[in-house]
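# Structural description and commentary
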Amino acid sequence: MMKPKSIVDVKNLNQFFGKRKLRSQILFDINLTIKSGEIVIMTGPSGSGKTTLLTLIGGLRSVQQGSLKFLGQELYGASNEQLVQARRHIGYIFQAHNLLDFLTARQNVQMSLELHTNIPKWKALKQSEAMLNAVHLENRVNYYPCDLSGGQKQRVAIARALVSHPKLVLADEPTAALDSKSGRDVVTLMQQLAKEQNCAILIVTHDNRILDIADRIIQMEDGKLLPEVF
Ligand SMILES: Nc1ncnc2c1ncn2[C@@H]1O[C@H](COP(=O)(O)OP(=O)(O)OP(=O)(O)O)[C@@H](O)[C@H]1O
């Protein structure tokens, strides 16, 4: 078997919000490694810093102190261009699915693919349909988001996140707006597709019902990662 590669490597990371007197520390000495193919769930109380860490790993804000390597590339001190490059290898899934209302399911998925790669339109179309097949939406390809259920919209969001075969998927409360059956379906699909593509997943969640899909569970409290449970 191939040795899993390190996708994310965080060392001694500190992060602050605010300036001067209002400056307060949000993340304290974070150390975390995520390997390819691994599903990591991050839990913790509201305001403990989970989303802040997720957005740092996702190259959506700049690292202020410490080291954060994504695919071996240091993001501390990275230029905008380097952050954009890093983001091309990351799929994002949020609580609110963030689909574009004026595009069909297929167009939403296809747009993400065309933004990320230079593939020809016909190929992007085929891959987008195949991905919607994989999330069992073959009968909803030409539907607009307003005609889809919450679970179906979230499955389109999964298809969109995974269509460009990212190395890492970041999901912030992906099941929060879903009933328990749809929530389960959504995470099972994420798990299955990620294992097929050997991509790592980091999920922030308060949803105890999905903890069993994790290879590892990490806990954030007051801006610090607690020692791991297993
Ligand atoms: N842009 C900002 N400016 C100042 N403080 C912020 C900003 N964003 C977040 N914070 C503060 O940082 C802390 C961590 O917030 P964060 O959103 O990372 O927590 P969380 O664990 O994701 O919470 P939740 O589970 O409620 O989403 C909170 O105290 C929050 O008030």
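Residues numbered from 1 in each chain as written. Predicted model: local features only at pLDDT ≥ 70, side-chain atom pairs only at ≥ 80, totals over all residues. Heavy atoms only, no water.

The chain goes by DevA family ABC transporter ATP-binding protein in an unreviewed UniProt entry, where it is assigned to Halotia branconii CENA392.

Within the chain, the secondary structure is distributed over six helices and 10 strands. For 230 residues, the compact-globule estimate of 2.2 N^0.38 gives 17 Å, and the C-alpha radius of gyration of the chain, at 18 Å, lies within 12% of that figure. The buried share of the chain, taken over its 230 residues, is 48%. When the accessible surface of the chain is split by element, carbon and sulfur atoms take 52% of a total near 11,600 Å². Within the chain, one finds 28 positive and 21 negative side-chain charges whose respective centroids are separated by 6 Å. (Helix = DSSP H or I, 4+ residues; strand = E, 2+ residues; numbered from the N terminus. Rg over C-alpha atoms; globule rule 2.2 N^0.38 Å. Buried < 20%, exposed > 50% of the residue type's maximum accessible area, 1.4 Å probe, protein only. Areas by Shrake-Rupley, 256 points an atom, 1.4 Å probe, with all protein chains shown as cover. Lys, Arg positive; Asp, Glu negative; His and termini not counted. Charge placed at Lys NZ, Arg CZ, Asp CG, Glu CD.)

As a matter of local geometry, the ligand sits amid Phe17, Ile26, Pro45, Ser46, Gly47, Ser48, Gly49, Lys50, Thr51, Thr52 and His206. For the ligand, an oxygen atom lies 3.1 Å from a polar atom in the backbone of Ser48. Thr52 is positioned such that a nitrogen or oxygen atom in its side chain is 2.5 Å from an oxygen atom of the ligand. Considering the ligand on its own, with 640 Å² of exposed area, one finds that the protein chains cover 55% of that surface. Of the residues forming the shell around the ligand, the biggest block, three residues, is contributed by helix 1 (residues 50–57). Along the lines of polarity and charge, the residues of the shell around the ligand split into three nonpolar, seven polar and one charged. (Near = heavy atom within 4 Å. Polar contact = N/O pair within 3.5 Å; in protein donor to acceptor, adjacent residues only side chain to side chain. Nonpolar A, V, L, I, M, F, W, Y, C, P; charged D, E, K, R; others polar.)

This next bit is on the nonpolar core. Core analysis: the largest hydrophobic core is formed by 37 residues, its most contacted members being Leu132, Val135, Val156, Ile158, Met190 and Ile203. Secondary-structure elements contributing two or more residues to this core are strand 3 (39–43), helix 3 (105–116), helix 4 (121–134), helix 5 (150–162), strand 7 (168–172), helix 6 (180–197) and strand 8 (200–204). If sequence neighbours within four positions are ignored, Ile203 has contacts with Ile39, Val40, Ile41, Met42, Ala171, Pro174, Met190 and Ile213. (Core = buried A, V, L, I, M, F, W, Y, C linked by side-chain atoms within 4.5 Å. Contact = heavy atoms within 4.5 Å.)

What follows is about the environment of Gln127. Structurally, Gln127 can be placed in helix 4. A residue is classified by how much of its surface remains accessible, and Gln127, at 31% relative accessible area, is partly exposed. Separated by 99 residues in the primary sequence, Gln127 and Leu226 have C-alpha atoms spaced 40 Å apart. In contact with Gln127, not counting residues within four places along its chain, are Leu113, Ile119 and Val163.

Let us now look at the layout of surface pockets. Space inside the largest pocket adds up to approximately 410 Å³. Taken together, 17 residues make up the lining of the largest pocket; nearest its centre are Ile90, Tyr92, Ser112, Leu115 and His116. Elements supplying a minimum of two residues to the lining of the largest pocket: helix 2 (80–87), strand 6 (90–94), helix 3 and helix 5. Class assignment of the residues belonging to the lining of the largest pocket gives a composition of nine nonpolar, five polar and three charged. (1 Å grid on protein atoms, 1.4 Å probe; cavity = no way out; pocket = protein on both sides within 12 Å on 5 of 7 lines; lining within 4 Å. Points joined across faces, edges and corners; volume = space filled by probe spheres on them.)

Turning our attention to the packing of helix 3 against helix 4. Where helix 3 meets helix 4, the closest approach of the two axes is 9 Å, and the angle between their N-to-C directions is 125°. The angle between helix 3 and helix 4 places the two elements in the oblique class. By crossing handedness, the relation of helix 3 to helix 4 is classed as right-handed. Residues Ala105, Arg106, Val109, Gln110, Leu113 and Glu114 of helix 3 touch helix 4, and the partners they reach there are Lys121, Ala124, Leu125, Gln127, Ser128, Glu129 and Leu132. Across the contact of helix 3 with helix 4, the residue classes tally to six nonpolar, three polar and four charged. (Axes fitted to C-alpha atoms, helices over the stretch in contact; angles between N-to-C directions. Parallel < 35°, antiparallel > 145°, perpendicular 65-115°, else oblique. Left-handed = near helix turned anticlockwise from the far one by under 90°.)

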